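# Structure assessment
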Amino acid sequence: MNSQKNTKQDLLRLIPNVDEVLKWLTENVDGENIASADAPRRLVLQAIRDSLEEQRAVILAGEKIAREALSREVIVARCREKLAQMLRPNFRTVINATGVVIHTNLGRSVLPEQTMQTLLRAGSCYSNLEMDLSTGKRGSRYSLVEEILCDLTGAEAGLVVNNNAAAVLLVLDTLAKEKEVIVSRGQLVEIGGSFRIPDVMARSGAKLVEVGATNRTHLKDYEDVINEETSLLLKVHTSNYKIIGFTSEVPLPDLVALGAKHGLPVMEDLGSGCLLDLSAFGLQKEPTVGEVVGSGVDVVTFSGDKLLGGPQAGIIVGKKTIIDTIKKNPLNRALRIDKFTLAGLESILRFYYDEQQALQNVPTLAMLTATKEVLKRRAEKLLRRVRKKIEKKCTASLAKTASKVGGGALPEQDIASWAVSLLPIDRTVAELERNLRLAENPVIGRIENDIFILDMRTIQDREIALLSESLCGLLGENG
Ligand SMILES: *Cc1c(COP(=O)(O)O)cnc(C)c1O
């Protein structure tokens, strides 16, 4: 008992004080270690304190530690490790090998190089964000993209806010506050847990009037509940799930006709909102924004960073009188987008003037429409780089897999793809997943039937070298 106490006390006494370690650290700067040369002193001290505190806690908890663990060398190494962690940015880029193209947790859409050049300038220079250069007078930031949006969708007017959830909120707040909005029960969707149509409506002060049954709603269901409190007919594109079997939804043109008959505006929340018809590439037919606008609906809302492939934004297009009212809503000011988004969005939208350009340059579209041959070649390229180098610890093979669109779009659509599959020998698949996720250049893949899958669809060609490095670093001879 007594002897153990002494050991604890002995060990505690071996812990150096902060100033001492600070001296060791600064004496030890050897050029190649990021440790302390230009790190903020405050973080260096924090790293030392945390590190020593951890050691103290281990000793006090009675865990056995060797005296060497308190040597100058080991302590310095620990502090440097801690400091390196503190200096590493929290926001990090990762390699998306999940095959989910619009992966909300991984930042949704990747932007084209050309768009990034535009963003670089938008950030490092002043701009005409709210100045009309032809008159020198104050302009509106929306005018930078409104005309293009109208060109591409056939709408009379448009504006852009922070995201699509904000777009829905703003439209409802403008058109339906304290009034009734009719929506089909089959369309009361939740998107990613934090966006539920009924909740957003409640926030906007609109009163939700649900009609129909979950699987079937008819035009008569809408017509039956229309009264003088009704302000809007809402259709929500159920992009993230499908009701199958005995179902019926009122076609948009019928809803538009009903709205016209009763003098009520009709809105569709399209969610993903694609400007191109991707069915030619084997994807299910989704209504394009242009088609929805063309059916005579008054307002359409959709995301900037889902199928459009741009930055996070909520886009509202529709009839001029309605859009003008929405623009004047004070809430609009609170939901406004910043200059980066606007610059990025304009750049992305301009690609859409030429369908081929959009398909080639907008990564989201390029990934969704990449051919199996391209994906197979990409997988083979990765295999050539890593297979031999990692074979002692992991079997790498070419494998068929299925990618997903993601972002709540085309939920039941599987897109045939090629992958490199990894079957580790020296660790479990779960450990491999964790190791790759925690690597210096994190790789996020998915586990399927106890095999780790790297889907080539969401990996960019220029990332292959980095990915090989990560794999060889972890699973190679010296890994
Ligand atoms: C994704 C989605 C939203 C929310 O869009 P954000 O841009 O993520 O805010 C709203 N409605 C529908 C139908 C959606 O699919």
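Residues numbered from 1 in each chain as written. Predicted model: local features only at pLDDT ≥ 70, side-chain atom pairs only at ≥ 80, totals over all residues. Heavy atoms only, no water.

## A few points about the environment of D414
With respect to the element layout, D414 can be found in the loop between β14 (394-406) and β15 (415-424). For D414, a relative accessible area of 47% gives the class partly exposed. Spatially, the C-alpha atoms of D414 and F281 are 13 Å apart, while their sequence positions differ by 133 residues. With residues near it in sequence (within four places) discarded, D414 still touches A402, S403 and K404. (Helix = DSSP H or I, 4+ residues; strand = E, 2+ residues; numbered from the N terminus. Buried < 20%, exposed > 50% of the residue type's maximum accessible area, 1.4 Å probe, protein only. Contact = heavy atoms within 4.5 Å.)

## Brief notes about the sheet that holds strand β18 (residues 451-455)
Within a sheet, adjacent strands bond to each other through the backbone by hydrogen bonds, running parallel or antiparallel. The five strands are arranged β2-β14-β15-β18-β17 in an open sheet whose pairing can be described as mixed. Whereas interior strands pair on both sides, the edge strands pair on one side only; in this sheet they are β2 (100-102) and β17 (446-448). Each adjacent strand pair in this sheet contributes to an overall mean axis angle of 40°, direction not counted. Looking at chain direction, β15 and β18 are connected through four bridges and run antiparallel. (Pairing = 2+ DSSP bridges. Axes fitted to C-alpha atoms, helices over the stretch in contact; angles between N-to-C directions.)

## Focus on the sheet that holds strand β12 (residues 299-303)
The sheet built from seven strands is open, its strands ordered β5-β13-β12-β11-β10-β6-β9 with mixed pairing. The outermost strands of the open sheet, each flanked by one partner alone, are β5 (157-161) and β9 (207-211). Sheet twist, expressed as the average angle between the axes of neighbouring strands with direction ignored, equals 25°. Summarising the sheet, strand β10 (residues 230-236) and strand β11 (residues 266-271) pair through four bridges and their orientation is parallel. Paired with K235 across the two strands is E268, which belongs to β11.

## Details of the domain arrangement of the protein chain
Domain annotation of the protein chain identifies domain 1 (2-87), domain 2 (95-104 + 368-475) and domain 3 (113-361). Relative placement of domain 1 and domain 2: their C-alpha centres are 38 Å apart. (Domains from an automatic or database assignment.)

## Concerning the pairing of strand β6 (residues 180-184)
Taken across its five residues, β6 has five buried, putting it largely inside the fold. Judged by which residues are buried, β6 turns out to be covered on both faces: E180, I182 and S184 on one side and V181 and V183 on the other are all buried. Taken together, the five bridges between β6 and β9 define a ladder with parallel strand orientation. Residue pairing in the sheet places E180 in a bridge with K207 of β9.

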